[in-house]
Amino acid sequence: MGRRNWIAVASREAAIAPLLDGLDFIGDRARWGYKFRFGLFEIGPADMQCIAGAMAADARLLYFPR
C-alpha cells in the first residue's frame, strides 16, 4: 500500500453526542463506540459532511466521493 495524498484542514473539536441520531453509520446509539474497535469502516458522504460541519471545517477544502 502506497502513501496517500492528504491535506490538513483547520477545524475544532466537536462533541459526538449531538450527532449520534443523525449519523447513518451509528447502529446503536447506546454503543456508538463499538464500531471503532475493529479497524477501518466506511463513512458515507452525508455523515462526513455532518461531522465536518460540526467541526467547523471548510467543506470547500474537503473531498466527499459520491
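Residues numbered from 1 in each chain as written. Predicted model: local features only at pLDDT ≥ 70, side-chain atom pairs only at ≥ 80, totals over all residues. Heavy atoms only, no water.

Engineer: I keep staring at the overall build of the chain and nothing clicks. Help me out?
Structural biologist: In terms of regular secondary structure, the chain is built from one helix and zero strands. When its C-alpha atoms are laid out on the principal axes, the chain stretches across 35 × 30 × 25 Å. By the burial criterion, 15% of the 66 residues in the chain qualify as buried. Counted over contacts in the chain with a minimum sequence separation of 6, partners at least 24 positions apart contribute 52%. Accessible surface computed for the chain: about 5800 Å², of which carbon and sulfur atoms make up 55%. One finds the centroid of the 9 positive side-chain charges in the chain at a distance of 6 Å from the centroid of its 7 negative side-chain charges. (Helix = DSSP H or I, 4+ residues; strand = E, 2+ residues; numbered from the N terminus. Buried < 20%, exposed > 50% of the residue type's maximum accessible area, 1.4 Å probe, protein only. Contact = heavy atoms within 4.5 Å. Areas by Shrake-Rupley, 256 points an atom, 1.4 Å probe, with all protein chains shown as cover. Lys, Arg positive; Asp, Glu negative; His and termini not counted. Charge placed at Lys NZ, Arg CZ, Asp CG, Glu CD.)

Engineer: I keep staring at unusual backbone geometry and nothing clicks. Help me out?
Structural biologist: Excluding glycine, most residues fall at negative phi; most peptide bonds, likewise, are trans. Residue A56 is not a glycine yet carries a positive backbone phi of 55 degrees. Tracing the chain through its elements places A56 in the segment after α1 (45-54).

Engineer: Explanation requested: the environment of G44 in the structure shown.
Structural biologist: Residue position: G44 is located in the segment before α1. The exposure class assigned to G44 is partly exposed, which follows from its relative accessible area of 25%.

Engineer: I'm lost on α1 in this one. Help?
Structural biologist: Residues lying three or four places apart along an α-helix face the same way, a consequence of the helix completing one turn every 3.6 residues. For α1, the set of buried residues is D47, A52 and A54. One side of α1 carries all its buried residues, which in axial view fall inside an arc of 160 degrees. (Arc of directions from axis to C-beta.)

Engineer: Which parts of the structure should I look at to understand the packing of aromatic side chains?
Structural biologist: Where two aromatic rings form a pair, the distance of their centres and the angle of their planes describe that pair. Under the definition given, this model contains five aromatic pairs. Both rings, one in W32 and one in F36, keep their centres 6.1 Å apart while their planes meet at 80 degrees; by these two values the pair is edge-to-face. Summarising the aromatic geometry, the rings of Y34 and F38 are spaced 5.2 Å apart at their centres and angled 65 degrees between planes, so their arrangement reads as edge-to-face. For the residue pair Y34 and F38, the accessibility class agrees, reading exposed in each case. Connected via pairs of aromatic rings, a cluster forms that spans F25, W32, F36 and F41. (Phe/Tyr/Trp six-rings, centres within 6.5 Å; stacked < 30°, edge-to-face > 60°.)

Engineer: What exactly am I supposed to notice about the environment of A8 here?
Structural biologist: Residue position: A8 is located in the segment before α1. The sequence separation of A8 and G44 amounts to 36 residues, and the corresponding C-alpha distance is 20 Å.

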